[in-house]
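# Report on the structure
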Amino acid sequence: MSATPETAPASPGAGGGALLEVDGLRVGFATEDGRVQAVDGVDFRLEPGEVLAIVGESGSGKSVTAQTLIGLTRSPNSHIEGSVRLRGEELTALSESQLQKVRGTQIAMIFQDPMTSMNPVYTVGSQVIEAIRAHDTSAGKKEARARAVELLESVGIPDADRRVDAYPHEFSGGMRQRAMIAMGLALEPSVLIADEPTTALDVTIQAQILDLIQELNRSRGLATILITHDLGVVAEVADRVLVMYGGKVVERGTLDDIFYDPQHPYTWGLLGSLTRLDQPRPHRLPQISGAPPSLLHLPTGCAFRPRCPHEFGKCTEVPGLEARLPDDPNHRDRCWLTPEQKRKRREVEGRIGLEEPR
Amino acid sequence: MLRFLIRRILGAIAVLFAISILVFLIFNVVPATNPAPRIAGKNATPHLIKEVEKQWGLDKPLPEQYWTQMKLIFTGKVKSYQSSINVDQRILEGIPATASLCIGAAIIWLSFGFLFGYLSAVRAGGWLDRGLTVLALIGVSMPVFWLASILLYYFTYKIELFPPSGYEPLSNPGKWFSHLILPWISLAILFAGFYSRVLRSSMLDVMNEDYVRTARAKGLSQRRVMVKHVLRNSLIPVITLFGLDFGVLIGGGAIVTESLFNIEGVGLFTAEALKQQDFPSIMAVTLFGAFFIVLFNIFVDIAYAYLDPRIRLGTSAA
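Keep in mind the model is a prediction, meaning the values are calculated, not measured. Here, residues in each chain are numbered from 1, in the same order as that chain's written sequence. Written order determines the labels here, with chains lettered from A and ligands numbered from 1. This being a predicted model, a pLDDT of at least 70 is required before a residue's local features are given, and a value of 80 or more before pairs of side-chain atoms are given or counted; all residues contribute to the totals for chains, interfaces and linings.

### With respect to the overall build of chain A
We count it as follows: Helix and strand definitions follow DSSP, with helices as H or I runs of at least four residues and strands as E runs of at least two, each counted in order from the N terminus. Radius of gyration: over C-alpha atoms. The globule rule applied is 2.2 Å multiplied by the number of residues raised to the 0.38 power. Counting other C-beta atoms within 10 Å of a residue's C-beta gives its exposure: the residue is buried at 20 or more, exposed at 12 or fewer, and partly exposed in between, where C-beta atoms are placed from the backbone. Placing C-beta atoms from the backbone, we regard two residues as in contact once those atoms come within 7 Å.
Scanning chain A from N- to C-terminus turns up eleven helices and 14 strands. In summary, chain A has a C-alpha radius of gyration of 21 Å against a globular reference of 21 Å for 358 residues, a match within 12%. Residues classed as buried in chain A amount to 46% of the 358 residues present. Within chain A, counting contacts between residues at least 6 apart in sequence, those at least 24 apart form 65% of the total.

### Here we look at the overall build of chain B
When helices and strands are tallied, chain B shows 14 helices and two strands. Each principal axis of the C-alpha distribution contributes one length, and for chain B these read about 80 × 60 × 35 Å. Residues classed as buried in chain B amount to 38% of the 318 residues present. A fraction of 70% describes how many contacts in chain B between residues 6 or more apart in sequence connect residues 24 or more apart.

### Examining the interface of chain A and chain B
Applied cut-off: Basically, the charged four are Asp, Glu, Lys and Arg, the nonpolar ten are Ala, Val, Leu, Ile, Met, Phe, Trp, Tyr, Cys and Pro, and anything else, Gly included, counts as polar.
Contact residues are listed per partner, giving 26 residues for chain A and 24 residues for chain B. Elements with a contribution of two residues or more to the side of chain A that touches chain B: α2 (96-102) and α3 (124-135) of chain A. Broken down by element, the side of chain A that touches chain B gets its largest block of residues, four residues, from α3(A). The class makeup of the residues in the side of chain A that touches chain B is twelve nonpolar, eight polar and six charged.

### Quick notes on the nonpolar core
To keep things clear, this is the line we draw: As used here, a nonpolar core is made of buried Ala, Val, Leu, Ile, Met, Phe, Trp, Tyr and Cys residues. They are joined through C-beta atoms within 7 Å.
If you look at the biggest cluster of nonpolar residues, it comprises 165 residues, and the most contacted ones within it are A:V55, A:V128, A:L152, A:A182, A:I225 and A:V243. Each residue touching A:I225, except ones within four places of it in the same chain, is listed here: A:L46, A:L52, A:I54, A:A66, A:V191, A:I193 and A:A194.

### Comments concerning the domain arrangement of chain B
Residues and elements named next belong to chain B. Worth spelling out the cut-off: These domain boundaries are the output of an automatic or database domain assignment.
If you check the domain split of chain B, you get domain 1 (2-87) and domain 2 (94-316). Using C-alpha coordinates to define each centre, domain 1 is positioned 32 Å away from domain 2. Secondary structure elements with two or more residues in the side of domain 1 that touches domain 2: α1 (2-29), α2 (36-40) and β1 (79-80). At ten residues, the largest contribution of residues to the side of domain 1 that touches domain 2 is made by α1. Partitioning the side of domain 1 that touches domain 2 into residue classes produces twelve nonpolar, five polar and three charged.

### Here we look at the confidence of the model for chain A
Where we set the bar: Within a predicted model, pLDDT stands for the predictor's per-residue confidence, ranging from 0 to 100.
For chain A, per-residue confidence averages 86 on the pLDDT scale, and residues scoring 70 or more make up 94% of the total. Note that pLDDT drops below 50 for residues 1-15 of chain A; the model gives that stretch 27 contacts with residues more than four away or on any other chain.

### Some words on the packing of helix α5 (residues 87-122) of chain B against helix α8 (residues 173-207) of chain B
Residue and element names in this part refer to chain B. Worth spelling out the cut-off: For helices, the fitted axis covers only the stretch in contact; all axes are lines through C-alpha atoms, and the angles between them, taken along N-to-C directions, range from 0 to 180 degrees. With the far helix as reference, a near helix turned anticlockwise by less than a right angle produces a left-handed crossing, and one turned clockwise produces a right-handed crossing.
Remark: α5 packs on α8, axes separated minimally by 5 Å, with the N-to-C direction vectors making an angle of 35°. You can see that α5 and α8 cross each other, and the crossing is right-handed. Taken together, the residues of the contact of α5 with α8 break down into 21 nonpolar, six polar and one charged.

### Considering the domain arrangement of chain A
Taken domain by domain, chain A holds domain 1 (117-188) and domain 2 (265-352). When each unit is reduced to the centre of its C-alpha atoms, the spacing between domain 1 of chain A and domain 2 of chain A is 43 Å.

### Quick word on the sheet that holds strand β2 (residues 34-46) of chain A
Residue and element names in this part refer to chain A. Which entries qualify depends on this criterion: One requirement defines pairing of two strands: DSSP has to find at least two bridges between them.
With antiparallel pairing, four strands are arranged side by side in an open sheet as β2-β1-β4-β5. Among the strands making up the open sheet, the edge pair consists of β2 and β5 (89-90). Two elements, strand β4 (residues 78-86) and β5, share two bridges in a ladder whose sense is antiparallel. Considered in β5, the bridge of L86 is made with E89. Against the sheet, helix α1 (residues 62-69) engages β1 (20-31), β2 and β4, with an angle of about 70° to β2.

### Thoughts on the pairing of β1(A)
All names here are of chain A. Note: β1 against β2, ten bridges, orientation antiparallel. Residue pairing for β2: R26 is matched across the bridge by D40. Between the antiparallel neighbours β1 and β2 lie two residues. Pairing of β1 with β4 involves eight bridges; the strand directions are antiparallel. Residue pairing in the sheet places V27 in a bridge with I80 of β4.

### Describing the sheet that holds strand β7 (residues 191-195) of chain A
The strands making up a sheet associate through backbone hydrogen bonding, with each pair oriented either parallel or antiparallel. Residue and element names in this part refer to chain A. Read across the open sheet, the eight strands follow the order β6-β7-β8-β3-β9-β10-β12-β11; overall the sheet is mixed. The open sheet has two free edges, formed respectively by β6 (107-110) and β11 (322-323), since each of these has just one partner strand. When strand β3 (residues 51-55) meets strand β8 (residues 223-228), the two strands line up parallel, connected through five bridges. Looking at the pairing, I54 lines up with I227 of β8. This element, helix α6 (residues 173-185), spans β6 and β7 of the sheet and lies at about 165° to β6.

### Focus on the pairing of strand β10 (residues 248-254) of chain A
Residue and element names in this part refer to chain A. Taken across its seven residues, β10 has six buried, putting it largely inside the fold. Judged from the six bridges that link them, strand β9 (residues 240-245) and β10 form a sheet pairing that is antiparallel. In the strand pairing of β10, M244 is matched with V249. The antiparallel pairing of β9 with β10 creates a hairpin that spans two residues between the two strands, and G246 there sits at a positive phi of about 55°. Looking at chain direction, β10 and strand β12 (residues 332-333) are connected through two bridges and run antiparallel. Bridge pairing in β12 links R252 to R332.

See below:
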């Protein structure tokens, strides 16, 4: 697992930049109770063949970030700042109809609940065909259908020739998610955004879907953004990880950085609340006390401050996302504690975790 | 699909049977006096009342009474003793006028209801939406009797653009059309306003569905997303309403419009029957209306099954 896999095909993009570059992305929504800053300064790069995981609780801004990349959050009530560049092309500057040409063909997106994410009144096949024909107007009905069958086969749907005419409610959850992925891949995009793709599935099916995503990622050099709240999923497939809290990235690094040398107390809390089979069973499952902050009334300073047992005077100032470890410039976090303090305080009962608040 | 259809038709027959029993009970048993004078009408002679008693089987036990009366109604032998006409025949004669009125009005209200509802939903919150909302509210706020009177006064009396009233058969299409324009408009405006609101809110609900986001994420054009994914899934409430409304109207429910424009349809006949408390006519018209309401409900069910495969396939739906 490395940040720049050698197997990835060279990006044909301009300027030698990354496949996808996001800088200073901010998304706010005007609501009746005031403005909600759902995403407050997110930056990342994505290379071909890489899996980037965005981790966080509900309301941390991870889904809004993902949807904003392809302009799905555009509305009269939303305010989007910052830059999203795909092979150097600024997506935030594109018109809605120009963006339509990017969606599906270059960046595809799959969603959490495959039951509600497919239109119940059309057959699975016709929804795949629709994706093909929306962009490839030269594809005839028959040809598109043949391609749909091929795609469904390629994601492991048995008897695809017959299943192509079935309705979504006639598929099982796992099959529906496979079909969603087939739909996403129909036009061979270079980026796949998977928004909680396994959350609605049971554990064995989760593993199958993750394997499928990973395999596609390797065989096609498909750059993948995986949005999840499940660190178990992250551990399985991610190369790099962004941890989000209250609309901000609080820590980012490689998979190993996040799992073996986490710097932010929120990350410790997430790791600490994982159940692990290789360790004695705890009396109670550890949790992060409190609830995620309301985006309408974010605390001043560090957003995690009210839930953090290590909070001290300096935390009323917002810490920047900076490299605080001398030897690792790519591992960044937003916490005022010194690396030594962090190393000491994250040890809870012999493993990484967040102390009970005093 | 065939099994679905057979099930629905059998259900409809059961419903009609139940309605016929209810109607029979309401007219014959619920008022605790002899129904014969009511059936015979206000100025009936004792001789006529005797004859009615015999003809309607009122001296027999209830099940037999029911059977005799239904036979009278369904074989076209039921008579209005007050106006001495054959009731079934009068209803049949009224059908072309009523159908002309209702179908024409339905075309108008569906066209405008859909157009305004769709535009409102697509531009929700914008100026067009607000303007159409006001228009729809004005539409639903105008009672038919008031609107019809105003239209009649202005267009036939003041500027004499349209002929005053009455119904002209379709054999003369020009006259048929010009006589129906005002009735169509008066009947349609309220429904158009109402339907546009229903469609708008239904579409706004569907626009928040996950599969609409999926459709957008696939890169479909806004129009395609709206028509193929939003509109189709928004139709069910509108179709439910339409089935009921249209069934009622064509079954003799356009009472006010037909009366004001003097269209000799089923609705006008209903109005007259009610005014004169002409029981045989009221009974027949009630059953006639019930038949259409039930019939259009079957059509609505078929439309559901067409629109949503989960309904069609029934048992296997999640």
